[in-house]
Every structure is written in structure tokens, then in C-alpha cells.
Amino acid sequence: MERDLSFDEYIEQYRKTPEAVLLDVRTAAEYEEGHVPESINIPLGELEYSLDAEPGTKVFIYCRSGARSTDACRILNEEGFDAVNIGGIISYHGPLE
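Analysis parameters
- Residues numbered from 1 in each chain as written.
- Predicted model: local features only at pLDDT ≥ 70, side-chain atom pairs only at ≥ 80, totals over all residues.
- Heavy atoms only, no water.
- Salt bridge = Lys/Arg side-chain N within 4 Å of Asp/Glu carboxyl O.
- Helix = DSSP H or I, 4+ residues; strand = E, 2+ residues; numbered from the N terminus.
- Buried < 20%, exposed > 50% of the residue type's maximum accessible area, 1.4 Å probe, protein only.
- Pairing = 2+ DSSP bridges.
- Right-handed = clockwise from strand over helix to strand, strands pointing away.
- Expected span 1.5 Å × (residues − 1).
- Contact = heavy atoms within 4.5 Å.

A. Quick look at the pattern of salt bridges. Applying the stated rule across the entire model yields 6 salt bridges. The salt bridge partner of Lys58 is Asp82, with a shortest N-O separation of 3.5 Å. Here the residue Lys58 occupies a position in strand 3 (residues 58–63), and Asp82 occupies one in strand 4 (residues 82–88), the gap between them amounting to 24 residues. Residue classification places Lys58 among the partly exposed residues on the basis of a relative accessible area of 24%. When the shortest N-O distance is used, the salt bridge between Arg74 and Glu78 registers 3.9 Å. Taken together, the positions of Arg74 and Glu78, both in helix 4 (residues 67–78) and 4 residues apart, correspond to about one turn of that helix. Accessibility expressed as a relative area gives 45% for Arg74, which makes it partly exposed. Given the relative accessible area of 58%, Glu78 is considered exposed. Residues joined by salt bridges that share partners form a network here, namely Glu12, Arg15 and Glu38.

B. Structural detail: the pairing of strand 3. Among the 6 residues that make up strand 3, 5 are buried, leaving the element largely enclosed by the rest of the structure. The sheet contact formed by strand 1 (residues 21–24) and strand 3 spans 4 bridges and is parallel. Bridge pairing links Leu23 to Ile61 in strand 3. The sheet contact formed by strand 3 and strand 4 spans 6 bridges and is parallel. Pairing of Ile61 across the sheet is with Asn85, part of strand 4. Regarding the hand of the β-α-β motif, the stretch spanning strand 3, helix 4 and strand 4 is right-handed.

C. Molecular detail of helix 4. Between its first and last C-alpha atoms helix 4 spans 17 Å; for 12 residues at 1.5 Å apiece the expected length is 16 Å, and the two agree. All buried positions along helix 4 are accounted for by Ser69, Ala72, Cys73, Ile75 and Leu76. Buried residues along helix 4 sit in contact with strand 1, helix 3 (47–50), strand 3 and strand 4.

Below, the structure is given as C-alpha cells:
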């Protein structure tokens, strides 16, 4: 899936979108090693049961390289969310928590 914006540009878009969710679908261990500030972590395998947001919510999704976030987008879009795959954290140039 080709993206129109860079990872960093998507993070800026997330910050400007009211009520949006920034979702990291990596494992808990990967998330603890470093994640984008303000992101929440729900590993891909737990996603269908764990996102506490209303359908229609804009969800910006990332993982390590972009593969798991592609799967997460498909799942959440089928559930009625406005999910956007922003790619992999390996392309991120900002601060990590």
C-alpha cells in the first residue's frame, strides 16, 4: 500500500485530528523498547477485542515496518473505523518514549 505522506507527516496529521487514536500494533515488548509519544499499544493479535473507541474514529496505525499495520487497517476498517496505515516506526525521526 503506497502512502501519500511520510511517517512524520502522518504523526503531525494525527496531532491535528480531534479525537484521533495513534495505535502501535507491535508486541508489548517492542512497544516498551520505544514508541511514539501519545500512542497506545494493542498488539495485532488482540486488536479485534481491545480498541476502546467508537466506529468512525480516525485511527493512525503503525508497527515496525508497515506489514502488521496493513493487517490492522484492514481489520479496523471492516469494523467501521477510519483507519490509516502510517507505516513503520523505523521511518520515524521524532522522539520516543
